[in-house]
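# Structural overview
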Amino acid sequence: MAEAAEQDLLLAAAFVSDAQYNRNIPFRTSPEAVRLYHLYNHWMMRTATYFFIFLNLSLALFEEPAVYPLPFLATSVLEVLCLLVFLGRLTHFAKVTLHNVFWKDAKNICIMGAILLSLTDLGIYGVLRLYGVRSIRWSRFMRPIFLINFAESRQIRRALRSIRNTLPEITYVFLLFMFSLLMFSLMALKLFGERNLQTAEGLPYFKNYLEIVFDLYVLVTTANSPDVMMPAFDFSSWYALFFIAFVIVNTYIFMSLFLAVVYNNYKKHLKNEIRKLAYMKRRKMIEAFNLLKEEEGEQFVVREARWKQLVKLVAPDTSNSHRELLLRISDDEQKGFVDKKSFVQLADLLNIQVVTLKIRRHPLARWAPALYGSAPSRLLRGLVRHRAFVWTFDAIILINAVFIALDEDSISYAEWVFLALYVIEILLKVYTYEPREFFGKTQFWNWFDTLIIFAALTATILNATLQSTMRYNSQQILDIVFILRVLRLIRIVDSIQRFQVIMNTLINIVPTMLTFGGLTLVVYCVFAIIGMEAFHGKIQYFPANSNAPHALECGNPALKDSLFARGKYCKNNFNNFASSFIVLMELTVVNQWHVFANGFANVTGQPAKLYFIAFHIVMVIIIVNIFVSFILEAFFVEYSLEKSEVETAIEQKIQELGMGVQEDELQHEQLLDNMESAEHELEGDGGAKAQSKGLVFKIASKRYRTVDALLQRMFEAEIPLEDEGLSFEEILNLSPSSAIPRSPSSESAA
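In the nomenclature of an unreviewed UniProt entry, the protein chain is known as Ion transport domain-containing protein of Zonotrichia albicollis. The Subcellular location (unreviewed entry) comment attached to the protein chain in UniProt states, word for word, "Membrane".

### Some thoughts on the overall build of the protein chain
Of regular secondary structure, the protein chain possesses 32 helices and 5 strands. Put simply, the protein chain has 750 residues, and 47% of those count as buried. Sequence separation of at least 24 residues holds for 75% of the intrachain contacts in the protein chain that already meet a minimum separation of 6. With an accessible surface of roughly 38100 Å², the protein chain has 63% of that area assigned to carbon and sulfur atoms.

### Considering the nonpolar core
Across soluble globular proteins, nonpolar side chains show a tendency to be buried alongside one another. By size, the foremost hydrophobic cluster in this structure holds 140 residues, and its most contacted members are Leu216, Phe243, Leu310, Phe343, Trp593 and Phe612. In terms of residue count, helix α11 (residues 240–292) provides more of this core than any other element does, 18 residues in total. Residues contacting Phe243, with those up to four places away along its chain left out, are Phe192, Tyr205, Phe206, Leu216, Leu219, Val228, Met229 and Ala232. Counting residues in each nonpolar core, the second largest holds 13 residues, with Ile397, Ala414, Tyr422 and Tyr433 among its members.

### Examining the pattern of salt bridges
Within the structure shown, the criterion is met by 19 salt bridges. Between Arg23 and Asp18 there is a salt bridge; the shortest N-O distance is 2.8 Å. On the basis of relative accessibility, which here comes to 8%, the residue Arg23 falls in the buried class. Look at Asp18 and you get buried, because its relative accessible area is 0%. Between Glu533 and Arg140 there is a salt bridge whose closest N-O contact spans 3.3 Å. Of this pair, Glu533 sits in helix α25 (residues 497–535) while Arg140 sits in the loop between α6 (106–130) and α7 (144–149), and the two are 393 residues apart along the sequence. Within this structure, Glu63, Glu79, Asp121, Arg137, Arg140, Arg143 and Glu533 form a network of salt bridges that share partners.

### A closer look at helix α18 (residues 375–385)
Among the residues of α18, those classed as buried are Ser377, Arg381 and Val384. Buried residues of α18, seen end-on, are gathered within an arc of 55° and therefore sit on one face of the element. Residues of α18 that are exposed and point more than 90 degrees away from the buried face comprise Pro376, Leu379 and Leu383.

### Side note on the sheet that holds strand β3 (residues 337–339)
Taking strand neighbours across the sheet as the criterion, the 3 strands line up as β1-β2-β3 in an open arrangement whose pairing is antiparallel. Two strands bound the open sheet, and with one partner strand each, they are β1 (294–296) and β3. Here the average twist between neighbouring strands, direction ignored, is 55°. For strand β2 (residues 299–303) and β3, the ladder comprises 3 bridges, and the chain directions are antiparallel. By the bridge assignment for β3, Arg303 is matched with Phe337. Set on the sheet, α11 makes contact with β1, β2 and β3; between it and β2 the angle comes to about 85°.

### Details of helix α13 (residues 320–330)
The element α13 is largely enclosed, with a buried count of 8 among its 11 residues. Those residues of α13 that sit buried are Ser321, His322, Arg323, Leu325, Leu326, Leu327, Ile329 and Ser330.

### Thoughts on the state of the cysteines
Applying the stated criterion across every chain yields a total of 1 disulfide. Cys554 shares a disulfide with Cys570; S-S distance 1.9 Å. Note on the Cys554 and Cys570 pair: the S-S dihedral is about -70°, so by sign convention the disulfide is left-handed. Taken as a pair, Cys554 in the loop between α25 and α26 (563–566) and Cys570 in the loop between α26 and α27 (577–589) lie far apart in primary sequence, 16 residues in all. In terms of burial, Cys554 and Cys570 fall into one category: buried.

### What to know about the pairing of β2
The side chains of a regular strand alternate between the sheet's two faces. Here β1 pairs with β2 via 3 bridges, running antiparallel. Residue pairing across strands places Glu294 opposite Val301, the latter belonging to β2. The loop that links β1 with its antiparallel partner β2 comprises 2 residues; one of these, Gly297, has a positive phi angle of about 65°.

### What to know about the packing of helix α3 (residues 43–58) against helix α4 (residues 72–96)
The description of two packed helices rests on the angle between their axes and on the distance between the axes. Where α3 contacts α4, the axes come no closer than 9 Å and their chain directions differ by 145°. When the axes of α3 and α4 are compared, the crossing they make is left-handed. Counting all contacts with α3, which are made through Met45, Arg46, Thr49, Phe52, Ile53, Leu55 and Asn56, the residues of α4 involved are Glu79, Leu81, Cys82, Val85, Phe86, Arg89 and His92. Across the contact of α3 with α4, the residue classes tally to 8 nonpolar, 3 polar and 3 charged.

### Concerning the environment of Ala232
Checked against the element boundaries, Ala232 lands in helix α10 (residues 230–235). Excluding residues within four positions of it along the chain, Ala232 makes contact with Phe192, Leu197, Tyr205, Tyr239 and Phe243.

### Some points on a nonpolar patch on the surface
Taken together, Trp238, Leu241, Ile244, Ile248, Tyr252, Ile253 and Leu257 make up a surface patch of nonpolar side chains, about 770 Å² in accessible area. With respect to the helices, strands and loops of the structure, Ile244 is situated in helix α11.

### As for the packing of aromatic side chains
Each aromatic ring pair is summarised here by two numbers: the centre-to-centre distance and the angle between the ring planes. Overall, the coordinates contain 51 aromatic pairs when judged by the stated rule. The interplanar angle of 80° and the centroid separation of 5.2 Å between the aromatic rings of Phe184 and Phe246 together place this pair among those described as edge-to-face. On the criterion of sequence distance, the pair formed by Phe184 in helix α8 (residues 154–192) and Phe246 in helix α11 is long-range, its members being 62 residues apart. Comparing Phe184 with Phe246 shows no difference in burial state: the two are buried. Arranged with centres 6.2 Å apart and planes meeting at 15°, the rings of Phe235 and Tyr239 form a pair that is stacked. Phe235 gets classed as partly exposed once you look at its relative accessible area, which sits at 45%.

### A word on unusual backbone geometry
Note that the residue after Glu64, namely Pro65, is joined by a cis bond; omega there is -10°. Considering the arrangement of structural elements, one finds Pro65 in the loop between α3 and α4. Residue Pro226 is reached from Ser225 by a cis peptide bond, and omega for that bond is 0°. Unusually for a residue other than glycine, His550 sits at a positive phi of about 60°. Relative to the helices and strands, His550 resides in the loop between α25 and α26. Relative accessible area serves as the criterion here: at 39%, His550 is assigned to the partly exposed category. The phi dihedral of Gln592 falls on the positive side, at around 65°, and the residue is not glycine.

Cut-offs and rules
- Just so you know, the residues in each chain are numbered from 1, in the order the chain's sequence is written.
- Selection of residues for local features in this predicted model requires a pLDDT of at least 70, selection of side-chain atom pairs for listing and counting requires 80 or more, and totals for whole chains, interfaces and linings are taken over all residues.
- Processing note: side-chain calculations cover all non-hydrogen atoms of the structure and skip hydrogens and water entirely.
- UniProt positions are given in the numbering used here, feature names are shortened, and annotations may be inferred rather than shown by experiment.
- Helix numbers and strand numbers start at the N terminus; a helix is a DSSP run of H or I with at least 4 residues, a strand a run of E with at least 2.
- A 1.4 Å probe rolled over the protein chains alone gives each residue an accessible area, and that area as a share of the maximum for its type sets the label: buried under 20%, exposed over 50%, partly exposed in between.
- Note on contacts: a residue pair qualifies if any of its non-hydrogen atoms lie within 4.5 Å across the two residues.
- Throughout, the Shrake-Rupley method with a 1.4 Å probe supplies accessible areas, and for residues the shown protein chains are the sole cover considered.
- Residue types Ala, Val, Leu, Ile, Met, Phe, Trp, Tyr and Cys, when buried and joined through side-chain atoms within 4.5 Å, form a set referred to as a nonpolar core.
- The salt bridge criterion pairs a side-chain nitrogen of Lys or Arg with a carboxyl oxygen of Asp or Glu, the two atoms within 4 Å.
- As used here, the arc is the angular range of directions from the helix axis to the C-beta atoms.
- Strands are treated as partners if at least two bridges between them are detected by DSSP.
- Every angle, taken between N-to-C directions, lies between 0 and 180 degrees, and every axis is a line fitted to C-alpha atoms, over only the stretch in contact when it is a helix.
- In what follows, a disulfide is any cysteine sulfur pair within 2.5 Å.
- With the far helix as reference, a near helix turned anticlockwise by less than a right angle produces a left-handed crossing, and one turned clockwise produces a right-handed crossing.
- As a working rule, the residues Ala, Val, Leu, Ile, Met, Phe, Trp, Tyr, Cys and Pro are called nonpolar, Asp, Glu, Lys and Arg charged, and the rest polar, with Gly in that last group.
- Surface patches are drawn from residues lacking salt bridges whose relative accessible area is over 30%; two like charges belong together within 9 Å, two nonpolar side chains (Val, Leu, Ile, Met, Phe, Trp, Tyr) within 5 Å.
- Centres within 6.5 Å are what make two rings of Phe, Tyr or Trp a pair, Trp counting through its six-membered ring; a difference in plane orientation under 30 degrees is then read as stacked, over 60 as edge-to-face, and the rest as tilted.

Below you can see the structure in the form of structure tokens.
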């Protein structure tokens, strides 16, 4: 009986953990599988997986063409090791998930196929290398598959699904756009082709239809404006009307249509994904409740002891005092059990970051209570705690920034004055606030200020010493240090109410930016490897004083008198993985991308332009527009939050408890209302009322971690608490057009 209860507890912990982190893996529920599932989700296992994924991707830096060459045997051994780790991770996943689900899951098939093809390609390449035959490592472009398809990368897969679901609508707009482009190109050929016009480089102007299509496509991106128009405009000012009409139709209308279509479809499919997550979380919490429930009168509940065991399993790093706080919220009336309504909210409760503060007296209050509690001391500490103290030193930082910008030798001695003021500021704060709390692990700004100040002090002293002894001056280093001090002004910006929506959005998009960063990494890796295979060695970089043949033409006579060579873009090549990434980043920015395309087309062939057009469509038109759509949705959500002040019942309950639970009664005025501005500090001193030792809990920030989390919480408000939701299979099959289902509660059946 005890063993069965322990197994139910372990299974319930798996369900709650999945609900907390929005995992939707359909794992087997046998005791052995559940233990393996807990191991599969352990942070060390996930970290190791990511390490080998990025090691596998980074092998391109050391393989031919290499940035840092390593022997083929070394890179081969590392690649085989990575593939074995991936195979082990996949086998582990197969052990915990349902077999019919595993073999129907396309991502598992993709991983197995990528492993098999990579090993095959590596073997063939190695054999051919032994015989001196050069071949292509065609499997390298499949390496991002591992980043996409492992269970840990569900956010990247969600972004890819959004792109896949948006493609049909984009395709229709793109076909209309291409029709417009082709029609304008045909008109340009008839208007300008017979005028015998020439470009600034002396080349025929709009004579070749395919070149006209490419030039006008570039004009859509504005990269060659107004250069492409000038020959026709010089011939007749009336021809400017053609280009104005083209830009209005294609740049402003069609590109805006792309964004509108992408945003509309992204929002629709995002809401569907969020709806699935919300139902999945509710379903998993109900499953966990059903495993642990006991009958209490006319209702089912989870006993306090079982609840504590569950929380300890799900969040082992949570302190006992923190767990007691969570229990006080879940069992508000202290009945000794948690009902179903409160239990279902446990995943949300665990996701709220709560800072636990120990109430400590300042060391000086213990060592010299008379001095520390004296009237002058209390006055001084009151001044330091006052908001005007922060404003004063922010003003000093601003004045210091002006001095740095002036960069005059006559005012260089003023830096000693500013340094002295900064050191006094830190000393006053340490005198006022308890040092261990002031330098707590969550006190980023305190650590930042202190490190910058003492780094500046050390650098200034070192610079003065070197200058007096060796006549050496490193003022540039000091300038960088002082500029870092100016960054403290971000706190002032963040404290202004009208700026908080923008700051909240910037904070909230950081986690999602990592998702789009991963998506960008996937696209960059694929295009970089293709680019290296297609353009490696075609363009070379030579130092400015080089006497090598064709050094001015980037080592290729085909680039003579080209814009690419005249612009000295020779270092922008695909000769290794790192330089390929730099080129792709420059192409993402769009400016001058047609110069790159023409340059590589000159050294290979005109079809090479298709590579650059494809990258522009994938990266700029699709992925960047998806990212812009997310930014728009993020701002809409933040503005709606400001108007409706959406808060969950969990946060409201914590606020009702006074933002904390103490071992002894604490006076309300002893709690600081704003921990971010007041350094997360509680103060007790000899001059104030005696204060008991205890704990104070505080929500680290009222800001939501991600916009997705906020949308999920907003949707959960639409689900009745008595609704146990759909089955796992029904949830996964929800479509964007599906109506919000309402399944009857199975409480009585359970």
